[in-house]
Amino acid sequence: MTIPFLDLTRQHRALETELLGAVARVLASSQFVLGDEGKALEAELAARAGVRHGIGVGSGTDALRLALTAVGVRPGDDVITPAFSFVASASTILMAGARPVFVDVDPATCALDPAALECALTPRTRAVVAVHLYGHPAPIDRIAEIARRHGVALVEDAAQAIGATWDGRPIGGWGDVACLSFYPTKNLGACGDAGMLLTDRDDIADHVRRLRHHGDTGRYQHVELGYCSRLDEVQAAMLRVKLRRLDAWTDARRRLAARYRERLAGLPLGLPSEDPRARHIYHLFTVRHPQRDALAKVLADLGVGTMVHYPRAVPEQPLFGRSANRSRSAARRASGEDAERRWPQAWRAAREVLSLPCYPELTDDEADGVVAAVRAAVDQV
């Protein structure tokens, strides 16, 4: 049996008639940008998060970049972010002209460690980016309390966590602003790039709406340097079709994760953690093994697709060595022994994590095939 890591054709085949109908609806309206479909999607997602505003943009990366500007991040500011995440959680800080300050992560969830956050705060800190990695919420209540106490803005990077909750409250409404990605592989994925910001603050919503449209307040009155980042109507219409299935898809992911947990228990393999206060939506089912690369190779030979999210701690990326204007030797140190010393949990996670197939259309037989392959692979490494 060959089991792909992800097969989006299954999802789109089942929804083909509705998706094509949504596209036809947009074509008939000839509203392609900032139209009714986008406004409806913004309202629907804002309501799910318990906030008043959704602002659609071109991608999750754009959402982060515009959010940082909207909360007041300026050149010379510091922004704290976890040392283990997708690169955009930190590269967008550089785009804003600020300095990413990396902190280590909790070894159980790979989420930002609140104790490390508190230690990293200085008078230069303007904001913190809290990442809800793999679909498991960060301890956002503690992070929000620390941010409020120190007067810094809180941006939730919820690109992988739509539908997750913490203490029964949806992710996306805890901070000053939250950022979603609808990249095709996400739990709610577009058929292309798309993103959204969620906020309960009128000032941030108004600011982002200007920024996404060239700083325009209407009638070609451009009051600040903005950008062109608008969620197009075709993507919004298709996302609305998929949104109606999101809860069922999340339930399917959680059932699959429970199946994996039961059948992989007892192996010398780190299984995903789920805090009692969290509702994990399993964007990824990520295990850990000290011989990760060897394990992935055996699984590939057995026909099981896997992915590594992510093979380097963020500060190890050459981008950040160059961005700080460090020498070549200093950049090499940051990408090796320096990263291991300063962010040991992030460094270790980057060398151990391996994501297994986990998507709603995966059959029970395929899931059991993954389990059998993992059991065989663990015996061989």
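Residues numbered from 1 in each chain as written. Predicted model: local features only at pLDDT ≥ 70, side-chain atom pairs only at ≥ 80, totals over all residues. Heavy atoms only, no water.

A. Structural view of the overall build of the chain. The helix and strand inventory of the chain stands at 15 helices and twelve strands. On C-alpha atoms alone, the chain measures out to a radius of gyration of 21 Å, which is about the 21 Å that the 2.2 N^0.38 rule sets for 381 residues. C-alpha extents for the chain along the principal axes are approximately 65 × 55 × 40 Å. Here the chain holds 381 residues, and the buried ones make up 55% of them. In the structure as shown, the chain presents an accessible area of about 16200 Å², 51% of it carried by carbon and sulfur atoms. Mean positive and mean negative side-chain charge positions of the chain (48 and 47 charges, respectively) differ by 3 Å. (Helix = DSSP H or I, 4+ residues; strand = E, 2+ residues; numbered from the N terminus. Rg over C-alpha atoms; globule rule 2.2 N^0.38 Å. Buried < 20%, exposed > 50% of the residue type's maximum accessible area, 1.4 Å probe, protein only. Areas by Shrake-Rupley, 256 points an atom, 1.4 Å probe, with all protein chains shown as cover. Lys, Arg positive; Asp, Glu negative; His and termini not counted. Charge placed at Lys NZ, Arg CZ, Asp CG, Glu CD.)

B. Structural detail: the side chain of E42. Along the chain, E42 turns up in helix α2 (residues 36-49). Residue E42 is classed as buried on the basis of its relative accessible area of 11%. Polar side-chain contacts of E42 include one of 3.1 Å to the side chain of R212. Apart from the residues within four sequence positions on either side, E42 is in contact with G54, I55, G56, M196 and R212. (Polar contact = N/O pair within 3.5 Å; in protein donor to acceptor, adjacent residues only side chain to side chain. Contact = heavy atoms within 4.5 Å.)

C. Region of interest: the packing of helix α3 (residues 60-70) against helix α4 (residues 88-95). Close contact between α3 and α4 brings their axes to 9 Å; oriented N to C, the two are set at 45°. As far as their axial angle goes, α4 and α3 are oblique. As α3 packs across α4, the resulting crossing turns out to be right-handed. Counted together, T61, L64, R65 and L68 of α3 and A88, S89, T92, I93 and M95 of α4 form the full contact between these two elements. (Axes fitted to C-alpha atoms, helices over the stretch in contact; angles between N-to-C directions. Parallel < 35°, antiparallel > 145°, perpendicular 65-115°, else oblique. Left-handed = near helix turned anticlockwise from the far one by under 90°.)

D. Summary view of the side chain of D157. Tracing the chain through its elements places D157 in strand β5 (residues 153-157). With residues near it in sequence (within four places) discarded, D157 still touches L64, S89, V129, A130, V131, H132 and C179.

E. Inspection of a nonpolar patch on the surface at higher detail. Taken together, the side chains of L27, F32, V33 and L34 present a nonpolar region at the surface, about 340 Å² in accessible area. On the basis of relative accessibility, which here comes to 33%, the residue L34 falls in the partly exposed class. (Patch = residues over 30% accessible without salt bridge, like charges linked within 9 Å, V, L, I, M, F, W, Y side chains within 5 Å. Salt bridge = Lys/Arg side-chain N within 4 Å of Asp/Glu carboxyl O.)

F. Examining the confidence of the model for the chain more closely. Mean pLDDT over the chain works out to 95, with 96% of the residues at or above the 70 mark. Taken as a whole, residues 323-327 scores under 50 in pLDDT and shows four contacts with residues more than four places along the chain or in a different chain. (pLDDT = per-residue confidence, 0-100.)

G. Fine view of the sheet that holds strand β10 (residues 278-279). Taken in spatial order, the three strands line up as β7-β6-β10 in an open sheet, and their pairing is antiparallel. One side of each edge strand has no neighbouring strand; the edge strands of this open sheet are β7 (169-170) and β10. Here strand β6 (residues 165-166) runs beside β7; their pairing, made up of two bridges, is antiparallel. The residue of β7 that forms the bridge with W166 is R169. (Pairing = 2+ DSSP bridges.)

H. Spatial organisation of the pattern of salt bridges. Evaluated as defined, the whole model comprises 34 salt bridges. Where R279 meets D251, a salt bridge forms, and the shortest distance between an N and an O atom there is 3.1 Å. Placement of R279 in strand β10 and of D251 in helix α9 (residues 246-264) is noted, with a sequence separation of 28 residues between them. Residue R279 is classed as partly exposed on the basis of its relative accessible area of 27%. Between R292 and D293 there is a salt bridge; the shortest N-O distance is 2.6 Å. Classification of D293 by relative accessible area gives exposed; the value is 54%. Taken together, the shared-partner salt bridges in this structure form one network comprising R259, E262, R263, D364 and D368.

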